[in-house]
Amino acid sequence: MICRESGSLTCIRKGANIIRSGDVVAFPTETVYGLGADAFNPNAVKKIFKAKGRPADNPLIVHIDSLKWIDFLYEDVPDYAYKLMKMLWPGPLSIILKAKECVPSVVRGELPTVAVRMPAHPYALKLIEYAGTPIAAPSANLSGKPSPTSARHVYEDFGDSVFIIDGGSVAVGVESTVVDATVVPLRIYRLGAVTPEDIERVTNLPVEIHIKPRDGRPLSPGHAYRHYSPTKPLYVFKDEEAFIRFVKEKQDGVVIALEKYRGISENFISLGDSVKDAAARLYMALRDGDRMPGDIIVALIVPPTGVGMAVNERLSRAATKII
């Protein structure tokens, strides 16, 4: 059910009670909506995997509301990792470090590390505060489908089976950047609104991008498996001319691109005018594309600057075919 009572704290308190009782709650963050449970309750966390149909080796991110929790979650925090926390939290950055033994293996995907972040959304922070525990949460969607950027998207996937705190549409629209801080150079396993340049600037350390795992095993959330996919086939174009030519030849597809391409098709979904707009609108566009007439969805990548790199990475993971 969607809780959208006039007093938002009422919904948050109800959600916190559900978390404490060992069940799951969907809640807004600045990136996407999360499906959360008490991070220290393995039986509760298992309900997340069951609800989503999520592979058991795909680790979760632990969400905190205060730096006081890092001593309960991390074995050790290097100075450069602490700088990231002080400078970029609350915000869309998840930091991987060696986990304390008290962090359940189901949260870590059986890895020796854990990803933690502090979300920049007042509802998420209050939910964690009222629950009195860190909350483990992936995106609140069925595994493989586009992530939810509104309470309505969560309801489309789970209906009344999940308590949903309605916080409106999210601000960022793509999941957090995930950085492995156990090694130097630091490794980014998932791109997001916090860029490699942001991390380098704070730490004065080199950063490498490792989007694909070498042995197929995910080392962080969003690091393996096909994700974010609509039901219809999705053709993603890297070349503008090829994209325009394809759209003109095939008139029955849904077209997703930046606003400047609107005149190319009547069956058009705009990603806005900028890469920041595109990030906020991407998952809604993929979900809307499934509802609109047309047997395929055709998308053009955005300029690979800032969060545009994350938008293009999500499109690539969702694609049936990349052209």
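1. Remarks on the sheet that holds strand S16 (residues 321-322)
Pairing in this open sheet of five strands is parallel, and the strands run S14-S13-S15-S12-S16 from one edge to the other. Across the chains shown, the open sheet's two edge strands, defined by having one partner strand only, are strand S14 (268-270) and S16. Note that strand S13 (residues 254-257) and S14 share three bridges and pair parallel. Each residue of the ladder has a partner; that of Ile-256, found in S14, is Ile-269. Sheet strands in contact with helix H10 (residues 275-291) are strand S12 (234-237), S13, S14 and strand S15 (297-300), and its direction is about 165° off that of S14.

2. What about the packing of aromatic side chains?
Tallying each qualifying case throughout the model produces six aromatic pairs. Within the aromatic cluster, the residues linked to one another by ring pairs are Tyr-235, Phe-237, Phe-243, Phe-246 and Tyr-261.

3. Notes on the sheet that holds strand S9 (residues 177-180)
Taken in spatial order, the 11 strands make up an open sheet running S1-S8-S2-S3-S7-S4-S6-S5-S9-S10-S11, and their pairing is mixed. At either margin of the open sheet sits one strand with a lone partner, and together these are strand S1 (2-3) and strand S11 (207-209). When strand S5 (residues 93-98) meets S9, the two strands line up parallel, connected through four bridges. Residue pairing across strands places Ile-96 opposite Asp-180, the latter belonging to S9.

4. Here we look at the side chain of Arg-314
With respect to the helices and strands, Arg-314 occurs in helix H11 (residues 308-318). For Arg-314, a relative accessible area of 1% gives the class buried. Among residues more than four places away in sequence, those in contact with Arg-314 are Val-174, Glu-175, Ser-176, Arg-190, Leu-191, Tyr-228, Leu-282 and Tyr-283.

5. A short note on empty space enclosed by the protein
Evaluated as defined, the whole model comprises three cavities of 30 Å³ or more. The calculated volume of the largest cavity comes to roughly 290 Å³. As for the largest cavity, its lining consists of 26 residues, of which Arg-54, Pro-138, Ser-139, Glu-175 and Arg-190 are closest to the centre. Considering only residue class, the lining of the largest cavity consists of seven nonpolar, 13 polar and six charged.

6. What about the pattern of salt bridges?
Under the counting rule described, the total for this entry stands at 16 salt bridges. Between Asp-198 and Arg-201 there is a salt bridge; the shortest N-O distance is 3.2 Å. Residue Asp-198 and its partner Arg-201 are located together in helix H8 (residues 196-203), separated by three residues, close to a single helical turn. Look at Arg-201 and you get exposed, because its relative accessible area is 55%.

Reading guide: rules and limits
Residues numbered from 1 in each chain as written. Predicted model: local features only at pLDDT ≥ 70, side-chain atom pairs only at ≥ 80, totals over all residues. Heavy atoms only, no water. Pairing = 2+ DSSP bridges. Helix = DSSP H or I, 4+ residues; strand = E, 2+ residues; numbered from the N terminus. Contact = heavy atoms within 4.5 Å. Axes fitted to C-alpha atoms, helices over the stretch in contact; angles between N-to-C directions. Phe/Tyr/Trp six-rings, centres within 6.5 Å; stacked < 30°, edge-to-face > 60°. Buried < 20%, exposed > 50% of the residue type's maximum accessible area, 1.4 Å probe, protein only. 1 Å grid on protein atoms, 1.4 Å probe; cavity = no way out; pocket = protein on both sides within 12 Å on 5 of 7 lines; lining within 4 Å. Points joined across faces, edges and corners; volume = space filled by probe spheres on them. Nonpolar A, V, L, I, M, F, W, Y, C, P; charged D, E, K, R; others polar. Salt bridge = Lys/Arg side-chain N within 4 Å of Asp/Glu carboxyl O.

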